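The chain contents come next:
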Amino acid sequence: MSSKFQLFLGVNGVMRRAISAQWVNLGMHLVSMVFGLFGLILVLPNTAFIESLSEAGLQVFSWGMQNGGASYMIFGAIAAFLYGKQTIGLKRTLAFCIPAIGISVTSELLGTSTGFPFGAYSYLSGLGYKIAGLVPFTIPLSWFYMGFSAFLVAATVMRFGTGFIPRISAIALGALMLTSWDFVLDPAMSQTPYPFWEWHQAGEFYGMPYQNFVGWMGTGAVFMTVASLIWGKANQPILNRQQILFPTIMYAGNFMFALLLSFNAGFYVPAMLGIVVGALPLAVLYFTTPKGELETSESATASVNIPVVAVDTSKVETIATR
């Protein structure tokens, strides 16, 4: 067996393990949300069911209520990071991850202590350890994986060019899709019998102040802009339809979680608004993005700068790897 073919087999094995890891974590993320929905919609309102649980069942239920919210966000962040590392490379993933977490946690700490930029609110229990006693450490993780997913899908518009207007359009669209998730999520997580945060001011829109949406749009736009500037004009992650399948599922799964919670609580207007400015653009972008060729040619990997390893075999000429 030639050394080049052995290299091909080794690289192929590493790729498969990396791809499996990102999908396994995405699966755990989605499964955790399903369990969360089950608990919030069916179990918590049913006191008779809770009282009928055995001691072991009560312990499992208690653990799930205390750690379930944090767990699904941790799985989501790991899944998004592994996907980014595999698809656009470690450096570009870090160039998005670090600003997203840093800027969002700064906004959240300001918001919970001063009311700027979202309005006056505070987090309750259920989402993990709180940074400075104010913001659960999982919240910046959710900004990262949802912002990353929204922007990578929105960035497909830059296939027409990476000049100023296409880049600004991608940032604005990505920030809007991120904010639309909050249209659907916020009422269900703050205005129901089992809230995870609470507002300390009268909200004009189903308990939420309009300022909140400006804060969301601005925070998302800032860290997306920072990442885009770090990447540079010639190094934007413009992906094909196969490559954006992962962030599309990530965004859609979280959106559906919020949508079902809102519908269950009777918040139909925010839910429909979220569909129009979030789910609909997601579907349009996904289905209008060109399909990519099989990653057996250099041209299929050029847009994401994936190195190509030559293999001495008649059937396989190149393989994309990291």
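For the structure itself, consult the block above.
Residues numbered from 1 in each chain as written. Predicted model: local features only at pLDDT ≥ 70, side-chain atom pairs only at ≥ 80, totals over all residues. Heavy atoms only, no water.

Student: Sorry if this is basic, but what is going on with the overall build of the protein here?
Tutor: On a plain count of helices and strands, the protein comes out with 10 helices and six strands. Across the 322 residues of the protein, 48% fall into the buried class. (Helix = DSSP H or I, 4+ residues; strand = E, 2+ residues; numbered from the N terminus. Buried < 20%, exposed > 50% of the residue type's maximum accessible area, 1.4 Å probe, protein only.)

Student: Looking at this structure, I do not really get the packing of aromatic side chains. What am I missing?
Tutor: If you walk through the whole model with that rule in mind, you get 25 aromatic pairs. Note on Y206 and F267: the rings are 6.1 Å apart at their centroids and 85° apart in plane angle, and the pair reads as edge-to-face. Taken together, the positions of Y206 in the loop between β4 (197-199) and α7 (210-231) and F267 in the loop between α8 (245-265) and α9 (268-288) put the pair 61 residues apart, joining distant regions of the chain. Since its relative accessible area comes to 35%, Y206 is described here as partly exposed. (Phe/Tyr/Trp six-rings, centres within 6.5 Å; stacked < 30°, edge-to-face > 60°.)

Student: Explain empty space enclosed by the protein here, please?
Tutor: Applying the stated criterion to the full structure yields one cavity of 30 Å³ or more. Put simply, the largest cavity is a space of about 230 Å³. What lines the largest cavity is a set of 20 residues, among which E108, Y123, I139, W197 and W216 lie closest to the centre. Broken down by secondary-structure element, the contributors of at least two residues to the lining of the largest cavity are α3 (55-87), β1 (121-123), α5 (138-154), α6 (164-190), β4 and α7. Here the element with the most residues in the lining of the largest cavity is α6; it accounts for five residues. Residue composition of the lining of the largest cavity, grouped by class: 15 nonpolar, two polar and three charged. (1 Å grid on protein atoms, 1.4 Å probe; cavity = no way out; pocket = protein on both sides within 12 Å on 5 of 7 lines; lining within 4 Å. Points joined across faces, edges and corners; volume = space filled by probe spheres on them. Nonpolar A, V, L, I, M, F, W, Y, C, P; charged D, E, K, R; others polar.)

Student: Looking at this structure, I do not really get the packing of α5 against α6. What am I missing?
Tutor: Any two packed helices are characterised by the angle at which their axes cross and by the distance between the axes. The geometry of α5 relative to α6 is characterised by a closest axis approach of 8 Å and an angle of 135° between their N-to-C directions. The pairing of α5 with α6 is recorded here as oblique in orientation. In this structure, α5 crosses over α6, and the sense of that crossing is right-handed. On the side of α5, the interface is formed by S142, W143, M146, G147, A150, F151 and A154, while α6 contributes A170, I171, L173, G174, M177, L178 and W181. Its residues assigned to classes, the contact of α5 with α6 shows 11 nonpolar, three polar and no charged. (Axes fitted to C-alpha atoms, helices over the stretch in contact; angles between N-to-C directions. Parallel < 35°, antiparallel > 145°, perpendicular 65-115°, else oblique. Left-handed = near helix turned anticlockwise from the far one by under 90°. Contact = heavy atoms within 4.5 Å.)

Student: Would you mind showing me how to read the side chain of S228 here?
Tutor: Tracing the chain through its elements places S228 in helix α7. When near neighbours in sequence (up to four residues on either side) are disregarded, S228 contacts R167, I171 and Q236.

Student: So what exactly am I meant to see when it comes to the packing of α6 against α7 here?
Tutor: Interaxial distance between α6 and α7 falls to 8 Å at its minimum, and their mutual angle equals 140°. Judged by the twist between their axes, the crossing of α6 over α7 is right-handed. The residues of α7 that touch α6, namely those facing R167, I171, A172, G174, A175, L176, L178, T179, W181, D182, F183 and D186, are N212, F213, W216, M217, G220, A221, F223, M224, T225, S228 and L229. Class assignment of the residues belonging to the contact of α6 with α7 gives a composition of 14 nonpolar, six polar and three charged.

Student: For this particular structure, what's the right way to read unusual backbone geometry?
Tutor: What is expected of a backbone is that most residues other than glycine have negative phi and most peptide bonds are trans. With omega at 10°, the peptide bond leading from F116 into P117 counts as cis. In this fold, P117 is placed in the loop between α4 (90-114) and β1. One non-glycine residue, A132, lies in positive phi territory at about 55°. You can see A132 is positioned in the loop between β2 (130-131) and β3 (135-136). Look at Y206: it is not a glycine, yet its phi comes out positive at around 50°.

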